Amino acid sequence: MQLHVPCECGEDVPVTEGEAGSRTTCRCGRTVVVPSLRELRRQAGTPGDGLAPELVIEALLLAKKLP
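About the cut-offs
Residues numbered from 1 in each chain as written. Predicted model: local features only at pLDDT ≥ 70, side-chain atom pairs only at ≥ 80, totals over all residues. Heavy atoms only, no water. Salt bridge = Lys/Arg side-chain N within 4 Å of Asp/Glu carboxyl O. Helix = DSSP H or I, 4+ residues; strand = E, 2+ residues; numbered from the N terminus. Buried < 20%, exposed > 50% of the residue type's maximum accessible area, 1.4 Å probe, protein only. Pairing = 2+ DSSP bridges.

Peer 1: Explanation requested: the pattern of salt bridges in the structure shown.
Peer 2: Two side chains carrying opposite charge are able to pair once their charged atoms lie near each other. Summed over the entire model, instances satisfying the criterion amount to four salt bridges. A salt bridge links E8 to R30, with the nearest nitrogen and oxygen atoms 3.7 Å apart. Note that E8 is positioned in the loop between β1 (2-6) and β2 (12-16) and R30 in the loop between β3 (23-25) and β4 (31-33), a separation of 22 residues in sequence. A relative accessible area of 74% means that E8 is categorised as exposed.

Here it is, written out as structure tokens:
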């Protein structure tokens, strides 16, 4: 999925989900921080990954669905 991160210069820098949490360079030469995958998806209006994994595991343990 192609996503975009705004640069201080006003340009939208195209990024991929694989670049989440890293840095990239805008055409203007500025370094742009790529937010976390969850934040990228939120900005794009796509569904996030739901609950944090720790909460899912805890719920499964409490429901006795995990050993």
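Next, the rest of the story.
Peer 1: When you look at the pairing of β1 in this model, what are you seeing that I'm missing?
Peer 2: On a regular strand, one side chain projects to one face of the sheet and the next to the other, so that they alternate. Burial along β1 is one-sided: the residues L3 and V5 are buried and none of Q2, H4 and P6 is. Pairing analysis gives five bridges linking β1 to β2, with the strands arranged antiparallel. If you follow P6 over to β2, its bridge partner there is D12. The antiparallel pairing of β1 with β2 creates a hairpin that spans five residues between the two strands, and G10 there sits at a positive phi of about 105°.

Don't take any of this as a statement about function, it's just geometry.
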